[in-house]
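Here is how the chains run, residue by residue.
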Amino acid sequence: MAKLNLYNEQRFDVRPQLFGSFLEHMGTVIYTGIYEPGHPSATPEGFRGDVLKLVRELGVKTLRYPGGNYTSSYHWEDTIGDQATRPKRMNIAWQSLETNQFGLDEFFQWIQQADVDNPILTVNLGTRGIDDALHELEYVNGKYDTDWANLRRQNGHAEPYGVKYWCLGNELDGPWQVARKTPEEYGLLANETSKAMKLMDPDIETILVGSSTPRLDTYPSWDFKVLMEAYDNVDYIAMHNYIDRDQSENLDQQALRDSDDLPTYLARSREFDKQIDEVATIADAVKALKHSDKTMKISFDEWNVHHFSQKKPQPWGEHNPVDWCYFDLADTLLFGSMALAILRHGDRVKLSCQALLVNTIPLILTDEGGNAWANPTYYVLQSILKNLSDTSTVIASSLTDSQNYSTKRYQDVPVIDQVVMDTGSAYVVFAVNRGEKAQTISVALPAAIKSGHMEHIVGELGDKNTREHPETLTLQPCNDLTVEVGSKAQTATLSGYSWNVLTFDY
Ligand code: AHR
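Conventions and cut-offs
- All residue numbers refer to positions counted from 1 along the written sequence of the respective chain.
- Side-chain atom pairs in this predicted model are given and counted only at pLDDT of 80 or more, local residue features only at pLDDT of at least 70, and totals for whole chains, interfaces and linings cover all residues.
- As a convention, hydrogens and water are excluded, and side-chain values are obtained from all of the structure's heavy atoms.
- Here the term cavity refers to a set of points on a 1 Å grid, laid over the protein atoms alone, in which a 1.4 Å probe fits but cannot get out; the term pocket refers to an open set having protein on both sides within 12 Å along at least five of seven lines, with lining residues being those that place an atom within 4 Å of a point.
- Grid points are joined across faces, edges and corners, and a volume is the space filled by probe spheres set on the points.
- Think of it this way: any DSSP run of H or I at least four residues long counts as a helix, any run of E at least two long counts as a strand, and we number them from the N terminus.
- Think of it as three bins: nonpolar holds Ala, Val, Leu, Ile, Met, Phe, Trp, Tyr, Cys and Pro, charged holds Asp, Glu, Lys and Arg, and polar takes everything else, Gly as well.
- Every case where a carboxyl oxygen of Asp or Glu lies within 4 Å of a side-chain nitrogen of Lys or Arg is listed as a salt bridge.
- We call a residue near a molecule or strand whenever a single non-hydrogen atom of that residue lies within 4 Å of it.
- Definition of a polar contact: a pair of N or O atoms within 3.5 Å, with one able to donate and the other able to accept a hydrogen when the atoms are protein atoms, and with sequence-neighbouring residues admitted only if both atoms are side-chain atoms.
- A pocket or cavity is taken to hold a molecule when more than half of that molecule's atoms are within 2 Å of the pocket's grid points.
- Only rings of Phe, Tyr and Trp enter the pairing, Trp through its six-membered ring, and a pair is recorded when the two centres are within 6.5 Å. The plane angle decides the type: under 30 degrees is stacked, over 60 is edge-to-face, the rest tilted.
- Summary of the burial criterion: residues with accessible area below 20% of their type's maximum are buried, those above 50% are exposed, and those between are partly exposed, where the area comes from a 1.4 Å probe applied to protein chains only.
- In this analysis, two residues are considered to be in contact whenever any of their non-hydrogen atoms come within 4.5 Å of each other.
- Nonpolar cores were defined as sets of buried Ala, Val, Leu, Ile, Met, Phe, Trp, Tyr and Cys residues, with membership established by side-chain atoms within 4.5 Å.
- Inter-axis angles, ranging from 0 to 180 degrees, are taken between N-to-C directions of lines fitted to C-alpha atoms, where helices are fitted over the stretch in contact.
- Reported orientations rely on four angle classes, namely roughly parallel under 35 degrees, roughly antiparallel over 145, roughly perpendicular from 65 to 115, and oblique for the rest.
- Crossing handedness follows the turn of the near helix against the far one: under a right angle anticlockwise gives a left-handed crossing, and clockwise gives a right-handed one.
- Throughout the structure description, domain borders are defined by an automatic or database domain assignment.
- Buried area is calculated as the accessible area (1.4 Å probe) missing from two parts once they are joined, with the contributions of both summed.
- For two strands to count as paired, DSSP must find a minimum of two bridges between them.

Draft legend 1. Quick look at the layout of surface pockets. Estimated volume of the largest pocket: approximately 890 Å³. Within the residue set of the lining of the largest pocket, elements represented by two or more residues are β9 (236-244) and β10 (297-306). Considered class by class, the residues forming the lining of the largest pocket number 11 nonpolar, 12 polar and 6 charged.

Draft legend 2. Broad picture of the pattern of salt bridges. According to the stated counting rule, one finds 26 salt bridges in the structure shown. Put simply, E205 and K297 hold a salt bridge, and the shortest N to O gap is 3.2 Å. Highlighted residues: E205 in strand β8 (residues 205-208) and K297 in strand β10, separated in sequence by 92 residues. K274 serves as the salt-bridge partner of E278, at 3.1 Å between the closest nitrogen and oxygen. Placement of the pair is E278 and K274 together in helix α8 (residues 270-289), with a separation of 4 residues, close to one helical turn.

Draft legend 3. Expanded view of the site of the ligand. Around the ligand, the neighbouring residues are E24, M26, G68, N69, W94, N170, E171, Y242, E302 and L356. The separation between an oxygen atom of the ligand and a polar side-chain atom of E302 is 2.6 Å. The site holding the ligand turns out to be the largest pocket. Among the residues making up the shell around the ligand, the classes are represented as 4 nonpolar, 3 polar and 3 charged.

Draft legend 4. Spotlight on the packing of aromatic side chains. One pass over the full model with this rule turns up 21 aromatic pairs. Centroid distance Y165 to Y236: 5.9 Å. Interplanar angle 85°. Geometry classified as edge-to-face. Taken together, the positions of Y165 in strand β7 (residues 165-168) and Y236 in strand β9 put the pair 71 residues apart, joining distant regions of the chain. For Y236, a relative accessible area of 2% corresponds to the buried category. Look at F430 and W499: their rings are 6.1 Å apart centre to centre, the planes differ by 20°, and that puts the pair in the stacked class. Here W499 lies in strand β24 (residues 498-505) and F430 lies in strand β18 (residues 426-433), a separation of 69 residues in the sequence. A relative accessible area of 0% places F430 in the buried class. One aromatic cluster in this structure is built from Y31, Y35, F47, Y65, F102, F107, F108 and Y161.

Draft legend 5. Main features of the side chain of N241. Tracing the sequence through the fold places N241 in strand β9. At 2.8 Å, the side chain of N241 and the side chain of Q275 are in polar contact. Setting aside its immediate chain neighbours within four residues, N241 contacts S212, T213, P214, E271, F272, Q275, F300, E302, W303 and N304.

Draft legend 6. Representation of the nonpolar core within the structure. Formed by 135 residues in total, the largest nonpolar core has its most connected members in F19, W110 and W499. Residue contributions to this core peak at 11 residues, all from helix α9 (residues 329-344). Dropping the residues within four chain positions of it, W110 is found in contact with L23, I34, F47, L52, V55, L63, F102 and L357. I395, L399, I416 and F504 belong to the second largest nonpolar core, which has 21 residues in total.

Draft legend 7. Up close: the packing of helix α2 (residues 104-113) against helix α3 (residues 130-141). Direction vectors running N to C along α2 and α3 enclose 40°, while the axes themselves pass 11 Å from each other. Comparing the axis directions of α2 and α3 gives the class oblique. Where α2 crosses over α3, the handedness of that crossing is right-handed. The residues of α3 that touch α2, namely those facing L104, D105 and F108, are E136, Y139 and V140. Class assignment for the residues of the contact of α2 with α3 results in 4 nonpolar, no polar and 2 charged.

Draft legend 8. View of the domain arrangement of the protein. What the domain assignment reports for the protein is domain 1 (3-8 + 394-505) and domain 2 (15-389). For domain 1 and domain 2, the distance between their C-alpha centroids amounts to 30 Å. Residue-level contacts link 40 residues of domain 1 with 39 residues of domain 2. In total, domain 1 and domain 2 occlude about 3300 Å² of area from one another, counting both sides; carbon and sulfur atoms represent 62% of this. Notably, a salt bridge pairs E271 with R409, separated by 3.1 Å at the nearest N-O pair. Listed by contribution, the elements that provide at least two residues to the side of domain 1 that touches domain 2 are β16 (413-414), β17 (416-422), β18, β20 (451-457) and β24. Of the residues in the side of domain 1 that touches domain 2, the class split is 19 nonpolar, 11 polar and 10 charged.

Draft legend 9. Fine view of the sheet that holds strand β14 (residues 393-400). Overall, mixed pairing links the 10 strands, which are arranged β21-β20-β24-β18-β17-β14-β1-β19-β23-β22 in an open sheet. The two strands at the open ends of the sheet, each matched to only one other strand, are β21 (476-478) and β22 (481-482). Inspection of the sheet shows β20 paired to β21 by 3 bridges, in the antiparallel sense. If you follow H456 over to β21, its bridge partner there is Q476. Packing against the sheet, α9 makes contact with β1 (2-13), β14, β17, β18, β20 and β24, and its axis sits at approximately 45° to β17. In the packing of helix α10 (residues 376-385) onto the sheet, contacts are made with β18, β20 and β24, and the angle to β24 comes to roughly 20°.

Next comes the structure, spelled out in structure tokens:
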């Protein structure tokens with residue numbers, strides 16, 4: 001039987017903001033995703049009430065907005081003021097027409113209704129620069145009697161929004177990006193932008209663009225070079241990574257390769273562990289080279305499993321469905337392991353954003369004029385968010401006597417992937433069983449427990465939550481935990497191919 005060992009004295013804090021999500025002006029994320037004035041559930045502001053309810057139930061607190069690639073050519077000031085006179089623009093990043101009916105102030109109204117309290121805004125460092133970033137910051141956070149702050153007041157928003165986190169552009173290393181830059185160009189621009197923004201508002205923290213993906217040839221030298229330019233003036237380096245079962249190994253190769261076999265696919269969260277370790281190592285090298293006392297934090301502000309769209313793209317419409325897709329149980333298990341990779345590195349990764357919240361490789365799916373429902377990945381994230389609070393800590397842990405497997409790509413992959421958290425009143429074990437067979441684990445907890453329970457996501461590997469069957473894969477109560485009240489020793493059985501949450505109240 002596998003034994004879960006906890007190292008109670010080795011812990012670090014993890015906060016609710018660690019697991020956020022992302023809203024971008026792309027596809028049907030905004031229009032018909034969260035904003036649809038004609039929808040039967042619409043609020044007076046035109047927000048979809050059914051989606052707001054799902055977002056509140058998800059419990060997400062951090063949200064990045066408004067992009068993404070969209071931000072490298074957008075004009076933030078098109079999105080404010082009287083909706084009737086806002087300019088309609090071409091969204092050249094995503095080949096659609098942007099009506100700007102949902103803009104910056106609507107975003108702040110929406111997050112209030114969604115119980116999200118930690119927005120991250122991205123400024124345009126593609127086609128624009130320092131001046132526009134400063135104007136936007138002044139509009140959003142300005143508290144003095146100045147022009148942009150007064151415009152916000154004039155638009156009906158007396159109080160500054162107090163946004164703390166600011167992305168200094170997006171994926172400016174990517175060949176697909178509008179106004180891509182060399183690392184030296186970008187690093188200098190980001191450094192000067194961050195410096196100026198902090199002179200205006202010393203309470204903000206800024207996020208430097210790291211490599212868009214480890215599949216680019218410029219990874220990780222981009223990260224090293226931009227950090228060398230901007231280390232002293234930024235607080236986070238960004239990481240992005242999407243894993244698709246048959247994507248090419250290198251973004252410079254167009255051709256897809258053979259799909260991963262299941263054991264390989266389920267182990268691909270290892271790429272997250274590796275990438276986080278590598279980016280942290282690069283950042284620490286720059287720290288040493290600069291004789292700095294500051295440790296660079298990581299914002300993993302785009303991550304997910306990925307599939308190509310199930311809907312036909314319709315370019316140059318007002319909502320072009322670019323990436324609408326269902327995730328099955330296999331995707332959900334990989335997604336669970338990706339989340340565990342982030343959680344186990346929560347001493348270094350302090351922000352992350354699953355991408356995206358609605359309709360593009362989404363947690364939540366919507367039909368225009370119809371229903372909203374959730375991909376199974378939603379329930380994984382919900383079960384983690386439910387346990388994060390201002391007292392939660394991750395406890396270092398390891399499994400002994402457990403089964404491992406190897407594939408052509410990966411050696412010694414533990415069949416059970418796990419992380420243990422202490423919420424302040426309970427020990428919570430999150431675990432993925434990557435194997436077909438049930439696995440029993442014994443765990444020696446640091447304290448005797450008063451009660452316990454277990455929930456899991458199980459099903460057939462190809463199961464999905466479709467519009468016809470929207471709740472095929474959800475978190476379900478599970479009886480495979482025999483609770484020994486008053487004891488520190490507990491035993492549980494994890495079903496084959498399952499996501500599990502074991503809660504031990506002490
Ligand atoms: O799928 C979202 C897009 O992916 C973002 O706009 C971009 O940053 C990334 O390439």
